[in-house]
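Next come the chains, spelled out residue by residue.
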Amino acid sequence: MPGELPADVRTSLLALLERGADAARERDERTVEGVVDSVETLAHHDVSDDEIRTMLLHGCRRANEAMPAEPLVTAEYLEAMARLVADE
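Residues numbered from 1 in each chain as written. Predicted model: local features only at pLDDT ≥ 70, side-chain atom pairs only at ≥ 80, totals over all residues. Heavy atoms only, no water.

Labelled according to an unreviewed UniProt entry, the protein appears under the name DUF8101 domain-containing protein, originating from Halogeometricum borinquense.

**Concerning a negative patch on the surface**
Residues E4, E51, D87 and E88 make up a contiguous surface patch of negative charge. Within the element layout of this structure, E51 appears in helix α3 (residues 50-66). (Patch = residues over 30% accessible without salt bridge, like charges linked within 9 Å, V, L, I, M, F, W, Y side chains within 5 Å. Areas by Shrake-Rupley, 256 points an atom, 1.4 Å probe, with all protein chains shown as cover. Salt bridge = Lys/Arg side-chain N within 4 Å of Asp/Glu carboxyl O. Lys, Arg positive; Asp, Glu negative; His and termini not counted. Charge placed at Lys NZ, Arg CZ, Asp CG, Glu CD. Helix = DSSP H or I, 4+ residues; strand = E, 2+ residues; numbered from the N terminus.)

**A word on the environment of S48**
When you line up the elements, S48 lands in the loop between α2 (29-46) and α3. For the pair S48 and E76, spaced 28 residues apart in sequence, the C-alpha to C-alpha distance is 24 Å.

**Details of unusual backbone geometry**
The phi torsion of most residues other than glycine is negative, and most of the peptide bonds are trans. The phi dihedral of R27 falls on the positive side, at around 60°, and the residue is not glycine. Examined against the element boundaries, R27 turns out to sit in the loop between α1 (7-25) and α2. R27 sits in the exposed class, given a relative accessible area of 55%. (Buried < 20%, exposed > 50% of the residue type's maximum accessible area, 1.4 Å probe, protein only.)

The structure is reproduced here in structure tokens:
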């Protein structure tokens, strides 16, 4: 299937997104920022499907925006992104 994520990319994204959601719940902004940067890098370089890439990058922007005031919302964004990746 053309839009399917490679297994190693899926595994890396899922691990990062889980780590980020946990960090957001712990209000660990530095870890969330690093995770979001890594997800953005993977999305730009290793996600060939334009729609998935766009949704991941949108989720990263929203997670960064929400983190300072709403870390639980950030966790939800990251978990939603993980569901997207898992379903692909």
